[in-house]
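# Breakdown of the fold
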Amino acid sequence: MSDTLSPIDTAKFVAAKRAVEFVEDGMKLGLGTGSTAAWMVKLLGERIRTEGLRVTGVPTSSRTAALARQVGVNVVSLDEAKWLDLTIDGADEFDPDLNLIKGGGGALLQEKIVATASDQMLVISDISKQVETLGAFPLPVEVIPFGWQTSKALVEEALSSMDVLGETSTLRMNGDRAFVTDEGNHIIDLHLQRIGNARQLSLVLNQIPGVVENGLFIDICDIVIIGHGDGRVEARDINTGAVEEGHVELAESDNIFL
Ligand SMILES: O=C[C@H](O)[C@H](O)[C@H](O)COP(=O)(O)O
C-alpha cells in the first residue's frame, strides 16, 4: 500500500482517513491521543487547509493539543465547548460490543471525560486491537500520587475477590521515574489476561480511594473503523448494526504525511 509505512501504520492511517470523512462543517470534536489519533489530527488539518472546513477541537492530552494547534485546528477547552458532536480516538483493545481498553499512552482520564461528553465516539484502529474478550492488554488505572502504594494494594485486594485471571499490578515508569499523567497522577497497569465482568470491574476499581479512573470504556464507543495494511477499511456501528466495507486509496496529497 505504502512504500514508507509499515502495514500496521498503513492500517492506522487508512482508518484515520476514513474517520475524518465523518467530520462535518461546524462540528465540535473530541480529539483523541496516540499514534492513530495523531494521523486523524493531521488529516483533519489537511481538510481545514484544503477545504476550509471549520471545526472546533477539544484535545485529550497536551500532546494532542500541541499537534492540533500546529495543524490549524481551533482548540478550545471542554468547558468552553460544553458538549461535542463527535470524538475520534484510538484504542488498545476493542471487543465485539465495542467495549474498550484505553490508556496505553496514559491519556485515559481526559479521553473518557471527552468521549462521554460527545454525541458519538468513533474509534479508529488497526485490526490487531480487535479481541473476543478484553484483558490481554494491561488495564491502566490512574491513581493520585498521595498514597499510591496503598491504592495499589487496595486494587490488588479487590482483584483477588473477582473473576479475573492474573492479579499482578505494576507502577508505570518513565525511565527511572514514575510516569506522570497530564493531570499529575500515576498509572497502575493491571496484568489480568482475562477480565470477567468488565462493567463490574470498572465500578469496583473506581470506588477505591485514590483511584481517579480506569481504562475500561464500557458502552461509550458507537463506531469502530478498522484499518488493514492493504488499505481496506471496515466501519461497524454498534447502535444500528451497520457494517460498511471499503478501500482507502492513498492520494498524492497524502505524501506529505508518509
Ligand atoms: O492513552 C492513550 C490512548 O488511550 C490511545 O488512544 C491508545 O493507547 C491507542 O494508542 P495507539 O493509537 O498509539 O495505539
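Quick caveat, the model's predicted, so the values are computed rather than measured.

Of the regular secondary structure elements, the protein chain holds seven helices and 19 strands. Each principal axis of the C-alpha distribution contributes one length, and for the protein chain these read about 55 × 35 × 35 Å. Counting every position in the protein chain, which comprises 258 residues, the buried fraction comes to 47%. Intrachain contacts of the protein chain at a sequence separation of at least 6 include 74% that bridge at least 24 residues.

Residues other than glycine seldom take positive phi values, yet Lys-82 does so here, at roughly 70 degrees. Checked against the element boundaries, Lys-82 lands in the loop between α4 (78-81) and β4 (84-89). The exposure class of Lys-82 is exposed, given the 11 C-beta atoms found within 10 Å. Of note in the backbone geometry, Leu-98 takes a positive phi value of approximately 60 degrees without being a glycine. You can see Leu-98 is positioned in the loop between β5 (93-94) and β6 (100-101). Classification of Leu-98 as buried rests on a count of 21 C-beta atoms within 10 Å.

Taking burial as the measure, the six residues of strand β13 (residues 186-191) include five buried ones, the bulk of the element. Pairing of strand β8 (residues 139-143) with β13 involves five bridges; the strand directions are antiparallel. Note on β13: the bridge partner recorded for Leu-139 is Leu-190. Relative to β13, strand β10 (residues 168-171) runs antiparallel, the two sharing four bridges. Across the sheet, the residue bridging to Ser-169 is Leu-190, located in β13.

So, about the domain arrangement of the protein chain. Along its sequence, the protein chain is organised into domain 1 (7-130 + 219-256) and domain 2 (139-214). Taking only C-alpha atoms, the centre of domain 1 and the centre of domain 2 are 26 Å apart. Between domain 1 and domain 2, the contact holds eleven residues from the first and eleven residues from the second. Broken down by element, the side of domain 1 that touches domain 2 gets its largest block of residues, four residues, from helix α5 (residues 108-116). Class assignment for the residues of the side of domain 1 that touches domain 2 results in four nonpolar, six polar and one charged.

On to helix α2 (residues 35-51), then. The periodicity of an α-helix, 3.6 residues per turn, causes residues three or four positions apart to be oriented the same way. Taking 1.5 Å of rise per residue, 17 residues should cover 24 Å, and α2 covers 24 Å from first to last C-alpha, within 8% of that figure. Residues of α2 that are buried include every one of Thr-36, Ala-37, Ala-38, Trp-39, Met-40, Val-41, Leu-43, Leu-44, Gly-45 and Glu-46, and no others. Here the buried face of α2 lies against α1 (7-20), β1 (28-31), α3 (62-70), β4 and β7 (118-126). The positive-phi residue at the C-terminal boundary of α2 is Gly-52, with phi of around 70 degrees.

Taken together, 18 residues surround the ligand, and among them Gly-34, Thr-36, Gly-90, Gly-104 and Gly-105 come closest. Broken down by secondary-structure element, the contributors of at least two residues to the shell around the ligand are α2 and α5. Considering every element that reaches the shell around the ligand, the biggest residue donor is α2, with three residues. Here the residues of the shell around the ligand are counted per class, giving four nonpolar, ten polar and four charged.

Another point: the sheet that holds β8. An order of β10-β13-β8-β15 is seen for the four strands of this open sheet, with the pairing classed as antiparallel. Looking along the sheet, the strands with just one partner apiece sit at the ends: β10 and β15 (211-214). Strand after strand, the sheet turns through a mean of 25 degrees between neighbouring axes, direction not considered. Its contacts with the sheet place helix α7 (residues 198-206) against β8 and β15, and it is angled at close to 160 degrees to β15.

A separate point is the nonpolar core. Grouped together as the largest cluster of nonpolar side chains are 64 residues, with contacts concentrated most on Met-40 and Ile-225. Two domains each put at least three residues into this core: domain 1 (7-130 + 219-256) and domain 2 (139-214). Beyond its immediate stretch of four places on either side in the chain, Ile-225 contacts Ala-15, Arg-18, Ala-19, Leu-122, Ile-124, Val-233 and Ala-235.

Take the sheet that holds β1 next. Strand order in the open sheet made by the eight strands is β3-β2-β1-β4-β7-β17-β18-β19, with mixed pairing throughout. The open sheet has two free edges, formed respectively by β3 (74-75) and β19 (243-247), since each of these has just one partner strand. Summarising the sheet, strand β17 (residues 223-227) and strand β18 (residues 232-237) pair through five bridges and their orientation is antiparallel. Bridge pairing in β18 places Ile-226 opposite Glu-234. Strands β4, β7, β17, β18 and β19 of the sheet are contacted by α1, whose axis makes an angle of about 155 degrees with β7.

Definitions and limits used
- Residues numbered from 1 in each chain as written.
- Predicted model: local features only at pLDDT ≥ 70, side-chain atom pairs only at ≥ 80, totals over all residues.
- Helix = DSSP H or I, 4+ residues; strand = E, 2+ residues; numbered from the N terminus.
- Buried ≥ 20, exposed ≤ 12 C-beta atoms within 10 Å, placed from the backbone.
- Contact = placed C-beta atoms within 7 Å.
- Pairing = 2+ DSSP bridges.
- Domains from an automatic or database assignment.
- Nonpolar A, V, L, I, M, F, W, Y, C, P; charged D, E, K, R; others polar.
- Expected span 1.5 Å × (residues − 1).
- Near = placed C-beta within 6 Å.
- Axes fitted to C-alpha atoms, helices over the stretch in contact; angles between N-to-C directions.
- Core = buried A, V, L, I, M, F, W, Y, C linked by C-beta atoms within 7 Å.

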